[in-house]
2 protein chains.
Amino acid sequence: MKRNTWQREAVRTALSESDGFISAQALHGQLRDGGSTIGLATVYRALTDLTDEGEADSLTQDGEALYRACTPDTHHHHLICRRCGATEEIEADPVEEWARRIAAEHGYTRAEHVVDIFGLCPACSRLSESAPSA
Amino acid sequence: MKRNTWQREAVRTALSESDGFISAQALHGQLRDGGSTIGLATVYRALTDLTDEGEADSLTQDGEALYRACTPDTHHHHLICRRCGATEEIEADPVEEWARRIAAEHGYTRAEHVVDIFGLCPACSRLSESAPSA
DNA sequence: CGTCTTACTGATAACGATTGTCAAAACGGT
DNA sequence: ACCGTTTTGACAATCGTTATCAGTAAGACG
C-alpha cells in the first residue's frame, strides 16, 4: 500500500511552488534550506513516483533530469537554441495527433514521443551571420 | 589549428552509416568491433566537435546522450519499441511542415528537429498484457 | 626529406547525477 | 498500543561523461 508521508508531501508542495523546471538536487537543497531534514534519495524517489503517477513532468537537460509540477492540460515541447541553450516552450497539438495516429497504425501501444526542434535563436542567428563558426 | 585524423573521420563515417540515433558508447563499441583501436574519450570528443560544427544533432534520452548525423540523405523518423528495440521508419511530412513553421515563427534559423515515437511494438504489447511490469 | 611545434590521442582517474542497499523509523489497520 | 510493511536516510555503487597527462603524429617550414 502507498503511504502518505510528510516527505512525499513536502516534495509535492515544493515542486508545485517552484517556478518552472527544477532539478532533483536543487529541490533537495531548497528543502534542506527550508529546515527540512529530508534525504536526497527520498527526493529522487518521490519525484520518480510523482512522475509515474502523472503528477509531474520530467525532461533531461544537459545530463540532469528536471522536474515540473504537472498541469495536465499543458503537454508541450521545446524549441532549443543550439548555440546558447535557450529553450522556449511550444505547442504541438497537430503533432500529438499525428503521433497517436502513427503509433496506432503500426500497432504500437503506450506511445510516447520526443519532439524537439533545434536551431539558432534570433540573437544567435545574427551572431552567426556576422561571425560564421564553420 | 584543426587537424584531420583518421579517428575523427572514423567517427563521422560510423555516425553517418548508423541508422537513427546512437549513443557515444554504442558507437565506440561498434568501432572497436570493426577492428578500430579508437579510444572512448576520442569518440566523445569527436561527437562533441561534430555537434558543435553542426554536422550532428544530439538529444538525451534516459540519461544518456544520443547522436545522429545531420542532414541525412533520406530524412525520416523512427518508431521505436521500448522493450525489444525494434525500429520502423516513418514518414512525417506534416511534422516537417509544422516544424518549419514553428521555427520561423520564433525567429529560429537552421532548424533541425528530433521527432521519434517510443512505444511497445505489437508483439511486446501482447507480452506486456500477460505479464505487466508496472 | 627531416625537424619542430603543437594539437590529438588513449588509458585512466575524476566527476556528478542517479540508483541500490539495508538497518532503523514511521505509517495505518487492527 | 501492536505488528507487518513500507518508507526513510546515509552511504556505497553505478553509469555516463569529462579532465588529466604523457606519448604520438599532423602539418608547416626549411
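Residues numbered from 1 in each chain as written. Chains lettered and ligands numbered in written order. Predicted model: local features only at pLDDT ≥ 70, side-chain atom pairs only at ≥ 80, totals over all residues. Heavy atoms only, no water.

**Concerning the interface of chain B and chain A**
Alright, step 1. At the junction of the two partners, chain B supplies 39 residues and chain A supplies 35 residues.
Alright, step 2. Contact between chain B and chain A buries roughly 3300 Å² in total, counting both sides, with carbon and sulfur atoms accounting for 59%.
Alright, step 3. Together, W98(B), Y108(B) and I117(B) form the three largest contributors to the area buried by chain B at its contact with chain A, with a combined 21%.
Alright, step 4. At the junction of chain B with chain A, the criterion picks out 0 salt bridges. (Contact = heavy atoms within 4.5 Å. Buried area = accessible area lost by both parts, 1.4 Å probe. Salt bridge = Lys/Arg side-chain N within 4 Å of Asp/Glu carboxyl O.)

**Structural notes on the protein's contact with DNA strand C**
Alright, step 1. Around DNA strand C, the structure places 21 residues, and the nearest of them are Y44(A), A65(A), T5(B), T42(B) and R45(B).
Alright, step 2. Within 4 Å of the protein, atoms of DNA strand C come from sugar and phosphate in 62% of cases.
Alright, step 3. Between N4(A) and DNA strand C, the recorded distance is 3.4 Å, taken from a backbone N or O atom to a phosphate oxygen.
Alright, step 4. Taking Y44(A), its side chain carries an N or O atom lying 2.4 Å from a phosphate oxygen of DNA strand C.
Alright, step 5. If you list the elements that add at least two residues to the surface near DNA strand C, you get α3 (40-52) and β3 (64-69) of chain A together with α1 (6-17) and α3 (40-52) of chain B. (Near = heavy atom within 4 Å. Polar contact = N/O pair within 3.5 Å; in protein donor to acceptor, adjacent residues only side chain to side chain. Helix = DSSP H or I, 4+ residues; strand = E, 2+ residues; numbered from the N terminus.)

**A word on the UniProt feature "binding site: Fe cation" (unreviewed entry) in chain A**
Residue and element names in this part refer to chain A.
Alright, step 1. Within this structure's numbering, the places UniProt gives as "binding site: Fe cation" (unreviewed entry) are H75, E96 and H113.
Alright, step 2. Its place among the elements puts E96 in helix α4 (residues 93-105).
Alright, step 3. Given the relative accessible area of 10%, E96 is considered buried.
Alright, step 4. A polar atom in the side chain of H113 sits 3.2 Å from the side chain of H77. (UniProt positions renumbered as here; feature names shortened; annotations may be inferred. Buried < 20%, exposed > 50% of the residue type's maximum accessible area, 1.4 Å probe, protein only.)

**Concerning the UniProt feature "binding site: Zn(2+)" (unreviewed entry) in chain A**
All names here are of chain A.
Alright, step 1. UniProt's feature table lists "binding site: Zn(2+)" (unreviewed entry) at C81, C84, C121 and C124, given in the numbering used throughout.
Alright, step 2. With respect to the secondary-structure elements, C121 resides in the loop between β6 (109-120) and α5 (122-130).
Alright, step 3. One can find C124 in helix α5.

**Observations regarding the protein's contact with DNA strand D**
Alright, step 1. Near DNA strand D, the surroundings consist of 22 residues, among which R3(A), T5(A), R45(A), Y44(B) and A65(B) are the closest.
Alright, step 2. Those atoms of DNA strand D that come within 4 Å of the protein belong to sugar or phosphate at a rate of 61%.
Alright, step 3. Counting only elements with at least two residues in the surface near DNA strand D, the list comes to α1 (6-17) and α3 of chain A together with α3 and β3 (64-69) of chain B.
Alright, step 4. Residues belonging to the surface near DNA strand D are distributed by class as follows: 7 nonpolar, 8 polar and 7 charged. (Nonpolar A, V, L, I, M, F, W, Y, C, P; charged D, E, K, R; others polar.)

**Describing helix α4 (residues 93-105) of chain B**
Alright, step 1. If you check α4(B), its first and last C-alpha atoms are 19 Å apart, about what 13 residues at 1.5 Å a residue would give, namely 18 Å.
Alright, step 2. Those residues of α4(B) that sit buried are V95(B), E96(B), W98(B), A99(B), I102(B) and A103(B). Along the long axis of α4(B), the arc covered by the buried residues comes to 165 degrees, so they all point the same way. Opposite the buried face of α4(B), by more than 90 degrees, sit the exposed residues D93(B), E97(B), R100(B), A104(B) and E105(B).
Alright, step 3. Tucked into the core, α4(B) has its buried residues touching β4 (77-81), β5 (87-90), α4 and β6 of chain A together with β4 (77-81) and β6 (109-120) of chain B. (Expected span 1.5 Å × (residues − 1). Arc of directions from axis to C-beta.)

**With respect to the domain arrangement of chain A**
All names here are of chain A.
Alright, step 1. As assigned here, chain A comprises domain 1 (1-72) and domain 2 (75-129).
Alright, step 2. In this structure, domain 1 and domain 2 have C-alpha centres spaced 25 Å apart.
Alright, step 3. On the side of domain 2, 5 residues touch domain 1, which itself brings 4 residues to the contact.
Alright, step 4. Both faces combined, the contact of domain 1 with domain 2 buries some 310 Å², and carbon together with sulfur accounts for 44% of it.
Alright, step 5. Scanning the region where domain 1 abuts domain 2 turns up 0 salt bridges. (Domains from an automatic or database assignment.)

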